[in-house]
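Structural overview
Listed here are the chains, written in short residue letters.
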Amino acid sequence: MSELSVPAGEVRAPAIPLYDIVPYAIFFALIAALLFYFVGAEEGATSIVKGMTLHEWVHDGRHLLGFPCH
Ligand SMILES: [Zn+2]
């Protein structure tokens, strides 16, 4: 029996072509970049949201990831 043959009764997940994953990869990369910005750079001169509310929401994440804070 070769390694590529499927034993009777075994169900295998269908292979997903890499081309079909590209839009999802781009979407999640943009979301990750946005979250990375809000955690790492949303403060001071680079801030796009007024006040410290957003900073306080992600404050522990900043310290966890090693971004300078206070
Ligand atoms: Zn801090």
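As named in an unreviewed UniProt entry, the protein chain is CbtB-domain containing protein, taken from Solirubrobacter ginsenosidimutans.

This part is about the overall build of the protein chain. Of the regular secondary structure elements, the protein chain holds three helices and zero strands. Taken from N to C terminus, the helices and strands of the protein chain fall in the order α-α-α. Here the C-alpha coordinates of the protein chain stretch approximately 65 × 25 × 15 Å along the principal axes. By the burial criterion, 11% of the 70 residues in the protein chain qualify as buried. Pairs at least 24 apart in sequence give 17% of the contacts found in the protein chain among residues at least 6 apart. For the protein chain, the computed accessible surface area is about 6200 Å², with 72% contributed by carbon and sulfur atoms.

A word on the packing of aromatic side chains. To describe a pair of aromatic rings, you give the distance between the ring centres and the angle between the ring planes. By the definition in use, this model includes three aromatic pairs. On the numbers, 5.2 Å between centres and 70 degrees between planes, the contact of phenylalanine 27 with phenylalanine 28 is edge-to-face. Centroid distance phenylalanine 36 to phenylalanine 67: 5.3 Å. Interplanar angle 65 degrees. Geometry classified as edge-to-face. Pair noted here: phenylalanine 36 is in helix 1 (residues 18-40) and phenylalanine 67 is in the segment after helix 3 (59-65), with a separation of 31 residues, a long-range link. Taking the relative accessible area as the measure of exposure, phenylalanine 36 reaches 51% and is therefore exposed.

Moving on, we come to the pattern of salt bridges. Enumeration according to the criterion identifies one salt bridge in this entry. Linking arginine 12 and glutamate 10 is a salt bridge whose minimum nitrogen-to-oxygen distance equals 3.1 Å. According to the relative accessible area criterion, arginine 12 is partly exposed, its value standing at 47%. A relative accessible area of 39% means that glutamate 10 is categorised as partly exposed.

Attention shifts here to helix 1. The end-to-end C-alpha distance of helix 1, which contains 23 residues, comes to 31 Å, matching closely the 33 Å that a straight helix rising 1.5 Å per residue would cover. Listing the buried residues of helix 1 in full gives Phe38, Val39 and Gly40.

Rules of the game
- Residues numbered from 1 in each chain as written.
- Predicted model: local features only at pLDDT ≥ 70, side-chain atom pairs only at ≥ 80, totals over all residues.
- Heavy atoms only, no water.
- Helix = DSSP H or I, 4+ residues; strand = E, 2+ residues; numbered from the N terminus.
- Buried < 20%, exposed > 50% of the residue type's maximum accessible area, 1.4 Å probe, protein only.
- Contact = heavy atoms within 4.5 Å.
- Areas by Shrake-Rupley, 256 points an atom, 1.4 Å probe, with all protein chains shown as cover.
- Phe/Tyr/Trp six-rings, centres within 6.5 Å; stacked < 30°, edge-to-face > 60°.
- Salt bridge = Lys/Arg side-chain N within 4 Å of Asp/Glu carboxyl O.
- Expected span 1.5 Å × (residues − 1).

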